[in-house]
Amino acid sequence: MGNPPTADKPQSKLWWNDGAWWADMWTSGGWKIHKLDRAAKKWVDTGVGVDNRANTSADTLWDGTYLYIAHHVVTISTEDGPKASRPDSPARLYRYSYADGKYTRSSGFPTTITTNSSESMTIDKDSTGAIWATWTQVSGVQTGGYASKVMVNNSSEGGKSWGTPQSLTGVDATVAPDDISSLVAFGKNKIGVMWSDHTTGSVWWASRTDGQSPTSWKVQSAVRGPNQADDHLNIKSLQADTTGRVFAAVKTSFDMNSTAKKSDPQLQLLVFKPATGAFDKFTISTIGDCHTRPQIVLDPENNKIHAFQSGPATTVSGCPYSGTSGAIYQKTASMDDPVFADGRGTPVIQDSTPSVNNVTTSKQPVTSKSGMVVLASDDDDKRYWFADFGIEGDGDDGGEYVPPAVSPFADVASDQVFYKEMAWLAEKGVSNGWTEPDGTKTYRPFEPVYRDAMAAFLYRLAGKPDFTPPAVSPFADVTPNTLFYKEITWLAKQGISEGWTEPDGSKTFRPYASVSRDVMAAFMYRHAGKPAFTAPAVSPFTDVTPGMVFYKEMTWLAKEGISEGWTEPDGSKTYRPSVSVNRDVMAAFMYRYNDKLGSL
């Protein structure tokens, strides 16, 4: 075939369904659905054909009922070599039902999205059941010049028929022949289209609400300025995200600027927040990292975003040129505060002949059950490569913790918020809960955490270290007969709790006072050994300011991803430092603390 089978940048070739990973892959007999045999570590051809044209590329979507696959004929334009889209090259939508482990093509499919070829095409489904598609369409001839338009089209319910393609370009921008577009469903009832625009150095964003006129688009710039745009886009959302955020990995063209520095951004993450109607910008990789062709995967269980991109193999020093292939690298960051670590990241795919490129992922978020699979290709050797791995560890044995199907507590449901964290606390012996008169165990998730219980939690989180409590208590309000005396005095011995100095000079612990969120931050920071940390000059929270008691500890907690705070209606982040911590939330703090710092 003429094009890399795992291209193009905005597209997804993978999906998760019925406990397995699937892919649309090219074979000598055309494009077919393949299933990953994880035990044998190989992809198995299911025999279900999709498209037999070797000059096409695909984007896939599994919606829980149907599998949709869009195949379009590829015509690639570059800045130096623009090419017009071919008018006799239909882009087709295939639809499949699934039952008893087998995909069956729906009657009446494929349907035709457009009759023109394009460099890329992506699809998604809105809340009415309509399928949307976007692509860029180049027109013109070499002697008269070329023009390009961002195109969209939408189908009837389920993709059964299509309307007339329309152009978005006229509403705000003119794009170059090598620009591309992508789209995503977000916010439960909206569709968004993003496209690159070399002409103005912009990445544009158009959005609409489902059910409105197909021409009712609101257009704005996602990022704008010299060298801010290149034709690399990958965009994802979480339909379950109540804030409706959209995450997009984009490539800049700073590397084309002779005055650029190695520290200038090469790949950026753009985060759209509907509450503010604006995009935030974060650096994924710099020019010095020599990365290209980014894809992102959302991991809501761990509140992580995973970025995958091509780069030089680990055997290659420096950056021969931007876009050097050879290996696929992963970098991760918090979804709430996506600050990526410096450097290339972790290589997850690499061949002895360094030419692996064009990583592809799934539109779906990953879970502890699905794990994560990424697919790439070596266009020199004509081979597929893939990586299959878990999404996080819980500090125990390297695997993501999977909570039991039946809750260990009578008052905690298995679908409850923070169920996983509370079940983990019980399994690790950090929380014993209560034994009720009828013999059942309860956790009392919505009760506040008191300081004596907090001492017990932290002592157990430390692995119950050997400690002999003193015969004389260091606190006037705690005696050797007090429940959790050993744990409270251990806390004092470790310098985790300093207590209060009363007017008469005595020290008190106040064991039955509830723990507020600011004090909890101080406890955890000291429990971690007071690691080196410089508090930021600008607070990540609008209700926490420099100079506040425990400001350093609260911002450390946020930096480590242990506390996520709240996203307010105006898009701002708050910590609510004086609010008491309930037992369910404390379970989440403990779980994340262990995940980050490996206490147990």
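Reference entry: report on the structure contained in this document. Keep in mind the model is a prediction, meaning the values are calculated, not measured.

## Quick word on the packing of helix α4 (residues 517-527) against helix α5 (residues 551-559)
Running from N to C, α4 and α5 cross one another at 75°; their axes reach a closest spacing of 8 Å. With respect to their mutual orientation, α4 and α5 come out roughly perpendicular. Residue-level contacts link D518, M520, A521, A522, M524 and Y525 of α4 to K552, E553, M554, W556 and L557 of α5. Taken together, the residues of the contact of α4 with α5 sort by class into eight nonpolar, no polar and three charged.

## What about the pattern of salt bridges?
According to the stated counting rule, one finds 20 salt bridges in the structure shown. Two residues, K125 and D63, come together in a salt bridge whose shortest N-O distance is 2.7 Å. Placement of K125 in strand β10 (residues 122-125) and of D63 in the loop between β5 (56-62) and β6 (66-73) is noted, with a sequence separation of 62 residues between them. Between D336 and K573 there is a salt bridge whose closest N-O contact spans 3.9 Å. Taken as a pair, D336 in the loop between β24 (326-334) and β25 (346-350) and K573 in strand β34 (residues 573-574) lie far apart in primary sequence, 237 residues in all.

## Some remarks on the sheet that holds strand β23 (residues 304-312)
Ordered by their spatial adjacency, four strands build an open sheet running β22-β23-β24-β25, and the pairing between neighbours is antiparallel. Each having just a single partner strand, β22 (292-299) and β25 make up the two edges of the open sheet. Going across the sheet, the axis of each strand differs from the next one's by a mean of 25°, ignoring polarity. When β23 meets β24, the two strands line up antiparallel, connected through nine bridges. Of the residues in β24, the one forming a bridge with G311 is A327.

## Observations concerning the packing of aromatic side chains
Within the structure shown, the criterion is met by 22 aromatic pairs. On the basis of an interplanar angle of 85° and a centroid distance of 4.8 Å, the ring pair of W22 and Y103 is categorised as edge-to-face. Placement of the pair is W22 in strand β2 (residues 20-27) and Y103 in strand β8 (residues 102-105), with a sequence separation of 81 residues. Relative accessible area serves as the criterion here: at 1%, W22 is assigned to the buried category. Its relative accessible area of 3% is what places Y103 among the buried residues. The rings of W15, W22, W62, Y98 and Y103 are connected pair by pair, giving a single aromatic cluster. Positioned above the aromatic ring of W500, the side-chain terminus of R510 is 4.0 Å from the ring centre. The ring of W566 has R576 sitting right over it, with the charged end atom 4.0 Å from the ring centre.

Conventions used here
- Residues numbered from 1 in each chain as written.
- Predicted model: local features only at pLDDT ≥ 70, side-chain atom pairs only at ≥ 80, totals over all residues.
- Heavy atoms only, no water.
- Axes fitted to C-alpha atoms, helices over the stretch in contact; angles between N-to-C directions.
- Helix = DSSP H or I, 4+ residues; strand = E, 2+ residues; numbered from the N terminus.
- Parallel < 35°, antiparallel > 145°, perpendicular 65-115°, else oblique.
- Contact = heavy atoms within 4.5 Å.
- Nonpolar A, V, L, I, M, F, W, Y, C, P; charged D, E, K, R; others polar.
- Salt bridge = Lys/Arg side-chain N within 4 Å of Asp/Glu carboxyl O.
- Pairing = 2+ DSSP bridges.
- Phe/Tyr/Trp six-rings, centres within 6.5 Å; stacked < 30°, edge-to-face > 60°.
- Buried < 20%, exposed > 50% of the residue type's maximum accessible area, 1.4 Å probe, protein only.
- Lys NZ or Arg CZ within 6 Å of the ring centre and 35° of its normal.

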